[in-house]
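Spelled out from the first residue to the last, the chains are:
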Amino acid sequence: MKSRSEGNLQSALGPVQFLTIGLGTMGAIIGFVSGGRGMMLIAACYAELATALPRAGADVIYVLEVFGPRAAFIVGWFLVLMAITVTSFEAIALAWFFETLFPAMTKAPHVALGSINVNVFSASVQIFGMLLLIAANYRGAQASSRIQDVATFTKAAGAFLFLAAAFSFGDI
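Each chain has its residues counted from 1, following the order in which its sequence is written. Given that the model is predicted, a residue must reach a pLDDT of at least 70 before its local features are reported, and side-chain atom pairs must reach 80 or more before they are shown or counted; all residues, however, enter totals for whole chains, interfaces and linings. Values reported for side chains reflect all heavy atoms of the structure, with hydrogen atoms and water molecules removed beforehand.

Draft legend 1. Highlighting the overall build of the protein. Along its length, the protein carries 6 helices and 2 strands. Starting at the N terminus and walking to the C terminus, you meet the elements of the protein as α-α-α-α-β-β-α-α. Residues classed as buried in the protein amount to 10% of the 172 residues present. Only heavy atoms matter for contacts: two residues are in contact if any of them lie within 4.5 Å across the pair. The long-range share in the protein, meaning contacts at least 24 apart out of those at least 6 apart in sequence, stands at 21%. Accessible area for the protein stands at about 14,000 Å²; split by element, carbon and sulfur atoms hold 73% of it. Only DSSP runs of H or I reaching four residues or more are called helices, and only runs of E reaching two or more are called strands; each is numbered from the N terminus. Any residue under 20% of the maximum accessible area for its type is buried, any over 50% is exposed, and the rest in between are partly exposed; the area is computed with a 1.4 Å probe on protein chains only. Areas reported as accessible are Shrake-Rupley estimates using a 1.4 Å probe. Residue values count occlusion only from the protein chains shown.

Quick look at the structure:
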């Protein structure tokens, strides 16, 4: 019989550990399935609302019809604030992405804004990214969906190239 020091898995892990390892993975699966079901219900609700109220404005129109103009005004402003926040976050993420891919760009000159040092390259990428998203959204759903398509296909192609390189040149 092997001792624990020889790597006997059965004696190193007890029934509680086997249960928690299995439930951890199963918990993630249950979470994804539950989240997917919830999103399907939300999508069905939006499909019904869009059919019943076929006007531009989505959430604002739905709230206007049910709760009136004051609630619709508040929802509209929350949507504007959400869009600003998401656009800002995506701009910051874009700069981080470029700095990760091209580390030499982190050596760009810095400008002091009060007590904060700002990388000129990062700020330029962030501003360009925000302006690009603003312009695409201003032009309409078709322009912004084209940018989304290009971004998605670029991401998928990058992941495919990374996996192909890993399988071709990697070491197991």
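Structure shown, so let's carry the discussion forward.
Draft legend 2. Quick peek at the confidence of the model for the protein. In this model, the protein carries a mean pLDDT of 83, and residues with pLDDT of at least 70 account for 87%. As a per-residue measure, pLDDT reflects the predictor's confidence and takes values from 0 up to 100. Ranking the helices and strands of the protein by mean pLDDT puts helix H3 (residues 59-67) first, with 89, and helix H1 (residues 9-12) last, with 60.

Draft legend 3. Structural view of the packing of aromatic side chains. Think of it this way: a Phe, Tyr or Trp ring, Trp meaning its six-membered ring, pairs with another when their centres are within 6.5 Å, and the plane angle makes it stacked under 30 degrees, edge-to-face over 60, tilted otherwise. Within the structure shown, the criterion is met by 4 aromatic pairs. Geometrically, the ring pair formed by Phe-97 and Phe-98 is edge-to-face, given 6.1 Å between the ring centres and 70 degrees between the ring planes. Residue classification places Phe-98 among the partly exposed positions, given a relative accessible area of 29%. By way of ring pairs, the aromatic residues Phe-97, Phe-98 and Phe-102 are connected into one cluster.

Draft legend 4. Expanded view of helix H4 (residues 69-101). For a helix, the expected span equals 1.5 Å multiplied by the number of residues minus one. Between its terminal C-alpha atoms H4 stretches 47 Å, which fits the 48 Å expected from 33 residues at 1.5 Å a residue. What H4 keeps buried is the set Ala-72, Gly-76, Thr-87, Ala-91 and Ala-95. Taken together, the buried residues of H4 touch H3 and helix H5 (120-139).

Draft legend 5. Up close: a nonpolar patch on the surface. Patch membership requires more than 30% relative accessible area and the absence of a salt bridge. Residues of like charge join within 9 Å; the nonpolar side chains Val, Leu, Ile, Met, Phe, Trp and Tyr join within 5 Å. Each salt bridge in this description consists of a side-chain nitrogen of Lys or Arg and a carboxyl oxygen of Asp or Glu lying within 4 Å of one another. A cluster of nonpolar side chains, namely Phe-73, Ile-74, Trp-77, Phe-78, Val-80, Leu-81 and Ile-84, defines an oily patch on the protein surface of about 740 Å² accessible area. Residue classification places Val-80 among the partly exposed residues on the basis of a relative accessible area of 36%.

Draft legend 6. Here's a closer look at the environment of Ser-122. Within the element layout of this structure, Ser-122 appears in helix H5. On the basis of relative accessible area, Ser-122 is assigned to the buried category, the value being 9%. Along the chain, Ser-122 and His-110 lie 12 residues apart, while their C-alpha atoms are 9.5 Å from each other. Those residues in contact with Ser-122 that lie beyond four places of it in its chain are Ala-95 and Glu-99.

Draft legend 7. Spatial organisation of the pairing of strand E1 (residues 110-113). As defined by bridge partners, E1 adjoins strand E2 (residues 116-119) across 4 bridges and the pair is classed as antiparallel. Note that in E2 the partner of Val-111 across the bridge is Val-118. Criterion used throughout: strands pair if DSSP finds at least two bridges between them. Counting the residues that bridge the hairpin from E1 to E2 gives 2 residues, and of these Gly-114 lies at a positive phi of roughly 70 degrees.

Draft legend 8. View of the layout of surface pockets. Reported here for the largest pocket is a volume of approximately 1,000 Å³. Cavities and pockets are defined on a 1 Å grid built over the protein atoms alone: a cavity is a set of grid points where a 1.4 Å probe fits but cannot escape, while a pocket is an open set with protein on both sides within 12 Å along at least five of seven lines, and lining residues are those with an atom within 4 Å of any such point. Considering the residues around the largest pocket, the lining is formed by 25 residues, among which Glu-90, Leu-94, Leu-133, Ile-147 and Ala-151 are closest to the centre. Of all the elements, H4 adds the most residues to the lining of the largest pocket, at 10 residues. Grid points are joined across faces, edges and corners, and a volume is the space filled by probe spheres set on the points.

Draft legend 9. Structural view of the environment of Val-60. Secondary-structure assignment places Val-60 in helix H3. Placed 15 residues apart in sequence, Val-60 and Val-75 show a C-alpha to C-alpha distance of 6.2 Å. Setting aside chain neighbours within four positions, we find Val-60 in contact with Ala-72, Val-75, Gly-76 and Leu-79.

Draft legend 10. Looking closely at the side chain of Thr-87. Note on placement: Thr-87 falls in helix H4. For Thr-87, a relative accessible area of 13% gives the class buried. Engagement of the side chain of Thr-87 in a polar contact is seen with the backbone oxygen of Ala-83, the distance being 2.7 Å. Not counting residues within four places of it along the chain, the set of residues in contact with Thr-87 comprises Met-130 and Leu-133. Each polar contact in these results corresponds to two N or O atoms within 3.5 Å; when the atoms are within protein, one needs to be able to donate a hydrogen and the other to accept it, and residues that are neighboring in sequence are counted only if both atoms are side-chain atoms.

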